[in-house]
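Examining the three-dimensional arrangement
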Amino acid sequence: MEQFVEESMKRRLTEPVDILTAVSILKSHGYWGDELVLAITRIFYVDLDTYNEVVGTA
């Protein structure tokens, strides 16, 4: 899953369902804990407040 994503091409994740989907995909690729946060913010622009709410309940 290691890949380069140009900053201007990053998708914005602000909806809980979109964040949860990205988290599920990243977890299926072996990302957990701190690695998960680093990976999702490397690939997407993420609303971190919503991310914390989603991950806190997931």
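Note: the structure precedes this text.
Here we summarise the structure given alongside this text. (Residues numbered from 1 in each chain as written. Predicted model: local features only at pLDDT ≥ 70, side-chain atom pairs only at ≥ 80, totals over all residues. Heavy atoms only, no water.)

1. As for the nonpolar core
The line we're drawing: The nonpolar core is taken to be a set of buried Ala, Val, Leu, Ile, Met, Phe, Trp, Tyr and Cys residues, with the residues joined through side-chain atoms within 4.5 Å. Exposure categories follow from relative accessible area, calculated using a 1.4 Å probe and restricted to protein chains: below 20% of the type maximum is buried, above 50% is exposed, and the middle band is partly exposed. Each helix corresponds to a stretch of at least 4 residues labelled H or I by DSSP, and each strand to a stretch of at least 2 residues labelled E; elements are numbered beginning at the N terminus. Residues are treated as being in contact if the distance between any of their heavy atoms lies within 4.5 Å.
Within the largest apolar cluster, 14 residues are counted, with the highest numbers of intra-cluster contacts made by Leu13, Ile19, Leu26, Ile40, Phe44, Val46 and Tyr51. Where this core is concerned, the elements lending two or more residues are helix H1 (16-28), helix H2 (33-43), strand E2 (44-46) and helix H3 (48-57). Not counting residues within four places of it along the chain, the set of residues in contact with Tyr51 comprises Ile19, Val23, Leu36, Val37, Ile40 and Val46.

2. Things to note about the pattern of salt bridges
Operational definition: A pair is scored as a salt bridge if a Lys or Arg side-chain nitrogen falls within 4 Å of a carboxyl oxygen belonging to Asp or Glu.
Considering all chains together, one arrives at one salt bridge under this definition. Across the pair Arg11 and Asp18 runs a salt bridge, and its minimum N-O distance is 3.7 Å. Accessibility expressed as a relative area gives 25% for Asp18, which makes it partly exposed.

3. Quick look at the packing of aromatic side chains
To keep things clear, this is the line we draw: When the centres of two rings from Phe, Tyr and Trp lie within 6.5 Å, Trp using its six-membered ring, the rings pair. Their planes under 30 degrees apart give stacked, over 60 give edge-to-face, and anything left gives tilted. Think of it as a cone above the ring: NZ of Lys or CZ of Arg counts as a charge over the ring if it is within 6 Å of the ring centre and within 35 degrees of the ring normal.
Evaluated as defined, the whole model comprises zero aromatic pairs. Above the plane of the ring of Tyr45 lies Arg12, whose end atom (NZ or CZ) is 5.0 Å from the centre.

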